[in-house]
Amino acid sequence: MASVTDAPVLTVRDVALFERDVRLRMPFRFGVVTMTGAPQLFARVRIALPDGREGTGVAAEMLGAKWFDKNLALTHEQNYEQLRLAVALARDAYLGARRPTTAFGLFAGNYAAQIEEGARRGLNSLVASYGPALLDRAILDALCRIHGISFYEAVRRNAPGIVADDLAPDLGNFNVPAFLSGLQAAQSIYARHTVGLVDAITAADQPDGPQVRDGLPETLEQVVAFYGCRYFKLKVGGDVAADVERLSRIASVLDRIGGPYFASLDGNEQYADADGLLALWDAMERTPALARLMRSILFIEQPIARAHAFDKDIGRLSAKRPVIIDESDGDLDAYVRARAKGYRGVSSKTCKGFYKSLLNAARCAQWNRASGGARYFMSAEDLTTQAGVSVQQDLALVNLLGLTHVERNGHHYVNGLAAVPVAEQSAFLAAHPDLYRWQDGVVRLRIDDGRLALGSLACAGFAVAAVPDWNAMRPMPAPPERVQAAE
């Protein structure tokens, strides 16, 4: 498996899909939704190689409401059904492949059909991509386990067989395998803490005292003391006066941190155009209490609604701080179109597909080489990835991309692995003792001095050395043929 020419071919033999519910310990408000819980979807995929060897791989992802499709006419359950449908379409396509192919070849050969069939069923491209994004991770996990290699080694060897070809013609003259072979994983990464729109900032926001009382921090003030975080992701809601007031209260906490801290602003599509965010920025500049916070801001994430994000050049806003796309990253060439409109970066999320992340990382390398600097970049963002399979695979991906900090919010809004059987908690703790700890009778993500230790993710497989308890889950319900809002 030293090069793309000898990447192993495989056949998908079985795809089993399961769910279990996740309940949030406190509400999470982002964009147009306040989240209190959702199902988490698990995939167990069995593959076979031509020599008869077989292996099983796993992947997991939350079914997120009002992020993939923010149509307010759709209920949360309809959003879940959309994502289930996307996974079902990918399952049927992968099981129906006519001949063995590489792991990436399976993705590439079905990419256009997945998007087209999704559109025919009422799914936008971001929703449709969720299906392959989940199954591709399980397939690579299985392939890594068969060969006894880690995700890191598999990507560096190009075991999936990644080529640009028709999916990324702009990379046609770029040596993608050579780029992949040079990727290096670190031993730790900074956690960027999310401050949601209804999160308590100080104890003053909890006049009746702590609400959860489970031993974990509840206010931003407590988070800083408990985890030692120095990176933060700050949600803004589209109301300039309200955003400035809230950011000022956030700054009053962060400015107490000794030494530097860093932040990103997340618009979550709450602005109609760049002028709306510029108005917020101008108001922030006129607010003395925000001076240090403004100096700390690294980039601005997806402020403009995806329907209009590429309508106009955003150069004036990018001159203030680099702007990245997230929800607008609906297909494989979205970043190329975004760059032409003045965007500098793009988010990596496993729910959008790890092949997309790797191709976008190659684009950054190609564009930066041409510009002679580090103008283009990727950020690492979260969709409430849960302790266990989901958070580990996402961490491994962004770590191999060379990113030094990653948004993490699942550990704050969910009480670790409290909802799963103790035996499963113990298995993940034993397999990944650097990433988890026993605390208050629960296995939780370990964050020390603002960092996550990642050494154990270099195990055989896609960053997972433990097995979920499949008996503690229910089968994924069959989705409808089409999901549409009520008339």
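Notes on the structure follow. (Residues numbered from 1 in each chain as written. Predicted model: local features only at pLDDT ≥ 70, side-chain atom pairs only at ≥ 80, totals over all residues. Heavy atoms only, no water.)

Turning next to the side chain of T287. Tracing the backbone through its elements, the reader meets T287 in the loop between α8 (274-285) and α9 (291-296). T287 sits in the buried class, given a relative accessible area of 17%. A polar atom in the side chain of T287 sits 2.8 Å from the backbone oxygen of A283. With near-sequence residues (within four places) excluded, T287 lies in contact with V244 and S248. (Helix = DSSP H or I, 4+ residues; strand = E, 2+ residues; numbered from the N terminus. Buried < 20%, exposed > 50% of the residue type's maximum accessible area, 1.4 Å probe, protein only. Polar contact = N/O pair within 3.5 Å; in protein donor to acceptor, adjacent residues only side chain to side chain. Contact = heavy atoms within 4.5 Å.)

One pass over the structure, following the stated rule, counts 24 aromatic pairs. Ring geometry for F28 against F30: centres 5.1 Å apart, planes inclined by 40°, an arrangement best described as tilted. Classification of F28 by relative accessible area gives buried; the value is 3%. Feature note: the residues F104, F107, Y111, F151, Y152, F354, Y355 and F462 constitute an aromatic cluster, connected by ring pairs. (Phe/Tyr/Trp six-rings, centres within 6.5 Å; stacked < 30°, edge-to-face > 60°.)

Before going further, it helps to examine the packing of helix α7 (residues 240-254) against α8. Where α7 contacts α8, the two axes come as close as 10 Å, and the packing angle between them is 45°. Overall, the two elements α7 and α8 adopt an arrangement that is oblique. As α7 runs across α8, the sense of the crossing is right-handed. Judged by residue contacts, V240, D243, V244 and L247 of α7 engage G276, A279, L280, A283 and M284 from α8. The class makeup of the residues in the contact of α7 with α8 is 7 nonpolar, 1 polar and 1 charged. (Axes fitted to C-alpha atoms, helices over the stretch in contact; angles between N-to-C directions. Parallel < 35°, antiparallel > 145°, perpendicular 65-115°, else oblique. Left-handed = near helix turned anticlockwise from the far one by under 90°. Nonpolar A, V, L, I, M, F, W, Y, C, P; charged D, E, K, R; others polar.)

It is worth stressing that arrangement in space is one thing and function is another; only the former is reported here.
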